[in-house]
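Structure at a glance
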Amino acid sequence: METSIEQTKPSIPADVDIELQRHIEGLKVDQVIDNYCSTRAQWLRAAVLGANDGLLSTASLMVGVGAVRKDVKTMVLTGIAGLVAGACSMAIGEFVSVYSQYDIGMAQIERESSIEVVREVIRENEIEERKGKLPSPFQAATASALSFSIGAFVPLLAAGFISDYKVRLGVVVAAVSLALLGFGALSAVLGRAPVVKPSLRVLVGGWLAMGVTFGLTKLITSFGI
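What counts, and at which threshold
- Residues numbered from 1 in each chain as written.
- Predicted model: local features only at pLDDT ≥ 70, side-chain atom pairs only at ≥ 80, totals over all residues.
- Heavy atoms only, no water.
- pLDDT = per-residue confidence, 0-100.
- Helix = DSSP H or I, 4+ residues; strand = E, 2+ residues; numbered from the N terminus.
- Contact = heavy atoms within 4.5 Å.
- Patch = residues over 30% accessible without salt bridge, like charges linked within 9 Å, V, L, I, M, F, W, Y side chains within 5 Å.
- Areas by Shrake-Rupley, 256 points an atom, 1.4 Å probe, with all protein chains shown as cover.
- Salt bridge = Lys/Arg side-chain N within 4 Å of Asp/Glu carboxyl O.
- Buried < 20%, exposed > 50% of the residue type's maximum accessible area, 1.4 Å probe, protein only.
- Axes fitted to C-alpha atoms, helices over the stretch in contact; angles between N-to-C directions.
- Left-handed = near helix turned anticlockwise from the far one by under 90°.
- Nonpolar A, V, L, I, M, F, W, Y, C, P; charged D, E, K, R; others polar.
- Core = buried A, V, L, I, M, F, W, Y, C linked by side-chain atoms within 4.5 Å.
- Phe/Tyr/Trp six-rings, centres within 6.5 Å; stacked < 30°, edge-to-face > 60°.

1. Focus on the confidence of the model for the protein
For residues with low pLDDT, the predicted coordinates do not support detailed interpretation. Per-residue confidence for the protein gives a mean pLDDT of 76; residues scoring 70 or more make up 69%. Here helix α1 (residues 5-8) stands out as the element of the protein with the lowest mean pLDDT, 47, in contrast to helix α8 (residues 196-221), whose mean of 89 is the highest. Per-residue pLDDT stays below 50 along residues 23-38; that stretch engages in zero contacts with residues further than four places along the chain or on separate chains.

2. Examining a nonpolar patch on the surface
The grouping of Leu 178, Leu 181, Val 189, Val 195, Val 196 and Leu 200 at the surface amounts to a nonpolar patch, some 530 Å² of accessible area in total. Of all elements in the fold, only α7 (165-190) and α8 reach the threshold of two or more residues within the nonpolar patch. A per-element tally of the nonpolar patch places α7 first, with three residues. Considering the arrangement of structural elements, one finds Val 189 in helix α7.

3. Here we look at the pattern of salt bridges
A complete count under the given rule lists one salt bridge for this structure. Across the salt bridge formed by Arg 69 and Asp 71, the nearest N and O atoms sit 3.7 Å from each other. Overall, the relative accessible area of 30% leaves Asp 71 in the partly exposed class.

4. What to know about the packing of α7 against α8
Viewed as axis vectors pointing N to C, α7 and α8 meet at an angle of 145°, and their least axial separation amounts to 8 Å. Between α7 and α8 lies a crossing of right-handed hand. Of α8, the residues touching α7 (which contributes Tyr 165, Leu 169, Val 176, Ser 177, Leu 180, Leu 181, Gly 184, Ala 185 and Ala 188) are Pro 198, Ser 199, Val 202, Leu 203, Gly 206, Trp 207, Met 210 and Phe 214. Here the contact of α7 with α8 is composed, by residue class, of 13 nonpolar, four polar and no charged.

5. Some words on the nonpolar core
Formed by 23 residues in total, the largest nonpolar core has its most connected members in Leu 55, Val 172, Val 176, Leu 180, Phe 183 and Met 210. Every element with two or more residues in this core is listed here: α2 (14-66), α3 (72-114), α6 (137-159), α7 and α8. Setting aside anything within four residues of it in sequence, one finds Val 172 in contact with Val 63, Pro 155, Ala 158 and Ala 159. By size, the runner-up hydrophobic cluster in this structure holds five residues, among which are Ala 87, Ala 91, Ala 141 and Ala 145.

6. What to know about the packing of aromatic side chains
Under the definition given, this model contains three aromatic pairs. Aromatic side chains Tyr 99 and Tyr 102 sit 5.8 Å apart centroid to centroid with 75° between the ring planes, which places their arrangement in the edge-to-face category. Taken together, the residues span about one helical turn, with Tyr 99 and Tyr 102 both in helix α3 at a distance of three residues. Through successive ring pairs, a cluster of aromatic residues spans Phe 95, Tyr 99, Tyr 102 and Phe 138.

This is the structure:
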């Protein structure tokens, strides 16, 4: 008599088979959680970087203008203009970038759905689920603009209530330095990197940006421009 393939397969005890199934299900749950945490961390890290950008660019503008105009009104108006322009720029740039990713993802789904073999395998609800996982351009633009604005508010609030020029500059630099350290540390934590060195790099980079802006503005105005 011929022995079938099914008969020659080694039998797996019931308790071992149950444990194996539980282990596989646990791995699937862990993978879902890891994917969710990874996606969430990416959004949070992008928001932190956006806030850091708003903080540094607005502070550099205010310090640069403060190098030649010492009144608080000019410095604050410069910061507000930088906040609005930067938030709009970040929102539009993020919208265009994410919309390009969205279009690529939709095109890929449509190509796969048009293939007859794949159409038999992929169900309609699975396709809709894949579409739902694509990035939202509007959400990305809103998050980018909001995070930039939050960062830009730090130097504005620091300078808005101080009339003395030197004290105002010192307070702005101090507030921005603390915020840079905080954003640098948070970005490092989200990226699972050491905290101290990245935070110091962000801080030193911020000092350089503000110092170069202040110095070049002073230098340009010294030529009577």
